[in-house]
Amino acid sequence: MGLLVSLGANVAQAQSITGGLYGREPGGSHVTLEVANPATGYHRELQPDSDGRYNVGGLNPGKYTVTVLQDGSTIGTRTVVVSANVQTMVPALSGVEAAATASASATNLGAIRVSGRAIDADVMPIDVSTPEFSNNYSMSVVNQLPTGRGPESVALLSSKVKYDNQTTGLIQMGGASPAENRYYYNEFDSTYDYNGLGATYLPAEAITSTQVLSANAGVSWTSTTGGTIASTVRQGTNRFQAGYSLYFTPATSWFNPHARDSRTSQGDYYHFNSSNSHSANVANQYVFASGALVRDKLFFFAMLGNSPANTSQSNTQNRHIDTANRDKNGLLNLTWNINADQSFNVVGNRDWKNTFNNRYSLTRDYDPSSQGAYAGWTSTQVKNQFLIGNYHWQINDSMSLRLMGGYLSQSSLSPTSTSGTNLPYVIEVDPVTQVHKNIGLTTTSSKLYPFAYWRRGFKGDFTWNLGDHKITIGGEHYKHFINNVSTTTDGGDWTYYTQPGSVLPNGSPVPADGRYVAQYFISTGGPFYTVNKAFYIDDYWQASDRWIVYAGLRDDTFINKNVNGQNFWHLPLLSPRFGVSWDVYGDSTMKVGANAGKYTIPIPSSVNNGAAGAVTQWYRYYTYGGRDPNTQAPTGLTQIGPQETLINGQAPSAANVATSNIKAPYQYEFQVYVQKTLGNSWSSMAELGYSSLKRAIEDTCYTQGITDYAQAHGYPDYEDSSGCPMINPGIAQVFMRDYDGDGKLESLTVPGSVFGPAPTRKYVHLTLELTHAQNNDEPYFLDLSYTWAHLYGNYDGLLNLGTRTNGGPSEQILWDFPGLMEHSSGNLAGDVRHSLKLNGIYYFPSGLRIGSTFDLSTGTPQNCLGTYPDIDNPAEQYGAASHFCNNVPAPLGAAGRTPLFWQWNLGVGYDWAINDSNHLSLDLQVQNVTNRQGGIDAEQRYDTGSFQNDGSPILNPSYGAATWQAPRTTMLIARYTFR
């Protein structure tokens, strides 16, 4: 429940910008209910059914009064807060006991109304109307905690959500990789489906609440094997409001100290951070206004954001970089309450980001005081756009309709001072430290091309209450487009090495003096489309007074297209899901819930780019006679051995992109939980969850395996050159090829074992949570959660976190060659056994408050990755990426674990009601207040990817070098509001 309980709601039933309320009055159909919200003019009268049950949906978020009348007399009134995407339980008022309570305390009925600088309604009965479980966070509370305000930071307030501080900087939920989460704004799935990492974001200042489902979502949510985060945009009301917010970061100092350097075992720099700094910056500032354009009908919320040039300075081995970042954005949200039963909402946003870097050479390595000549500039320009519309119609007491349509786009360009010059990109590797140093005139190895991405989606569903059943039928359709072209500059991509006595990846020995240069070339990309669509149906059955039974079925279809717009796969999957909710005592004070289901995940369109495009990728190796004195490019070249071709540049046919029997990935998820209120202020929760991956999609480059199997099964002359097709690892795959050489395709079923073991990922967790909600007598909020978990197998998911690979989802190296999966099982990268989160706010009568968060967790597994110890095995080409350490098998987690992690964040705030119309709040928020900089990761590559002539690997001097926890950060925040 977490912070969610403090906000008076804890369960969702489908993504929606509106919420609802429900209850049961013992007076049955003999009473009348009035539901009203003066802030928006909403008013509706209704009568419960013969059993006293009622349900009102399609309500815009806000504070509502529920008045119960009998024979024309008012029995009592409840004040409840309705949140987006949440059904709020209203305690009964009719009946002798409830009436007595009402007459005894007419201003505090049910003890659910709490004064609130931060929280409007803190104590609510548990929602027993659904088995689906989620956490719902109000940004008014999040703003008072010393934590980030983005969706990932909000989710991290729970102990069962893990921060991936080693690879992506995003979060893991349900044991899945960060590329398997889904993100929503106002019902629109804004997940960045180019690579599945993160989302196209709206400013946190415009968000009113965020909901987090770490697993086991119902069928109306887009399928995911990770978690779901849904945020709702602020809306206007009849009351005019305007305000200004300022987020200020002091310059590098005690408040924001330097980061810690990291060194290798030989004392050389691994991370050079201690000289990096930033100026005092206005990180963000916003001005907003909201109110009614037409009273009770048409409302607006408008916001402008601006981040003036935020300046910082950083240094690398031989460069000093001055950076300026700017961000401007504008957002408008319009809400039209057509009548009490219909509403239409549309939100639009546009954001411009610009980063500019001036670069200077350092005449002495790692010495910022030796700043020398100007070395050019780089920049990045990004524009994001959003448009989302929502229509909700409560047709009658039994029927409702929801429609959503959305569009977002992103365009970017990264020009440099050398764009268009075709200068060579030149790197030199230190023979002792193995540090790569840019010694050329350009900072990029690629030609300049713009990047374009857009995504549009539609969703609609119809809900019908039929007796004890609430049945929903719906569908969604998303289509997205990418155009991302990358080609090596005409001047070439060159890397100088000095490795005497070693052997090149193409099998050739290096010259006696060890000096050679490697040339790398890649050309990839183009325009690609992807379509994800689904239909779903579910039923909430009120099986008895205390039992709700849920059953749902979702039919997903994933369609990825090649550069010519042709489907290279069409993957349907049916996903059944079930759940039960038991109101143990019949009074919503204790609930037992359980869920079980099948879940899948759309495959990001970067797969289209990598697997279905005309990709060329190769290495060549040369001796050289000299270097160009200006560009440092090699001269007098003589090639050493053959070209090492990784991808041959031919646009693959549909048969070569993927096997003909490839199927969508999926996993099973199970969950059992108990919620219990402990008086009016305390609540508790215990949850047990388990998931098991059953099928995955990855690529393989093991064409020799296809060749060998074909030659052994009737095609002795066949040689496969199909590149890296997509497969379901561990499952027999049907390859369509011209095995006879007669121009016709034949099918051949190749056992899954040819390419390596089947993927496995199992995750089990137990979460315990205790929450205290703020009230007048006990002016503090407290949320304590603990999670024990175990994540194990041989597959992190769409991203290979074990090798710290931040890209190429579903095209990881794992099944490229069987040797890479030898000894690959064990504890996965996200395996954190124990995690404890403590969040709290204490409110003083004077307006002063103190907020704090504390994070404690045990370490994550570490690996020793080395080069496959057989130069004739294709896995050797990948360097230090196999599970061999010094030529000895080293399973997952064999290198131990990172140390215990802990961090304390502290905030002090003051809320000043200047008068009824003017309010000011000031906050000082410090993350990592103790400036603890513990180890969070270590270099895992044991060798350099090359061998001595005697077969022993050339050791990586950076192996074991640490990466440290981020240092203390401080922010000053001022918020002024006029009402």
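The rules behind these values
- Residues numbered from 1 in each chain as written.
- Predicted model: local features only at pLDDT ≥ 70, side-chain atom pairs only at ≥ 80, totals over all residues.
- Heavy atoms only, no water.
- Helix = DSSP H or I, 4+ residues; strand = E, 2+ residues; numbered from the N terminus.
- Rg over C-alpha atoms; globule rule 2.2 N^0.38 Å.
- Buried < 20%, exposed > 50% of the residue type's maximum accessible area, 1.4 Å probe, protein only.
- Contact = heavy atoms within 4.5 Å.
- Lys, Arg positive; Asp, Glu negative; His and termini not counted.
- Charge placed at Lys NZ, Arg CZ, Asp CG, Glu CD.
- Pairing = 2+ DSSP bridges.
- Polar contact = N/O pair within 3.5 Å; in protein donor to acceptor, adjacent residues only side chain to side chain.

Draft legend 1. Inspection of the overall build of the protein at higher detail. Secondary structure assignment for the protein yields seven helices and 63 strands. Against the compact-globule benchmark of 30 Å for 979 residues, the protein has a radius of gyration of 30 Å, which places it among compact chains. Along the three orthogonal principal directions, the C-alpha set of the protein runs to about 100 × 70 × 45 Å. Classification of the 979 residues of the protein by burial places 56% in the buried group. Taking as baseline every contact in the protein between residues at least 6 positions apart, the subset at least 24 positions apart corresponds to 71%. Taking the average location of the 61 positive side-chain charges in the protein and that of its 77 negative ones, the two points are 6 Å from each other.

Draft legend 2. View of the pairing of strand 46 (residues 733-737). The element strand 46 is extensively covered by neighbouring structure, given that four of its five residues are classed as buried. Pairing between strand 46 and strand 47 (residues 746-750): five bridges, direction antiparallel. Bridge pairing links valine 734 to threonine 749 in strand 47.

Draft legend 3. How the structure looks around the side chain of threonine 860. Summarising the element assignment, threonine 860 is placed in the loop between strand 52 (848-857) and strand 53 (866-867). A polar atom in the side chain of threonine 860 sits 2.9 Å from the side chain of glutamine 166. Setting aside residues no more than four positions away along its own chain, threonine 860 makes contact with Lys162, Gln166, Ala829, Asp831, Val832, Gly896, Arg897 and Thr898.

Draft legend 4. Local environment of the environment of glutamine 166. Note that glutamine 166 resides in the loop between strand 9 (161-163) and strand 10 (171-173). Spatially, the C-alpha atoms of glutamine 166 and aspartate 796 are 13 Å apart, while their sequence positions differ by 630 residues. When residues no more than four places from it in sequence are discounted, the contact partners of glutamine 166 are Arg804, Ala829, Thr860, Gln862, Thr898, Ile936 and Asp937. At 3.5 Å, the side chain of glutamine 166 forms a polar contact with the side chain of arginine 804.

Draft legend 5. Broad picture of helix 7 (residues 703-712). All of the buried residues in helix 7 are Thr703, Gly705, Ile706, Thr707, Tyr709 and Ala710. On its buried side, helix 7 packs onto strand 46 and strand 47. With its phi angle positive at about 100 degrees, glycine 714 sits one or two positions after the end of helix 7.

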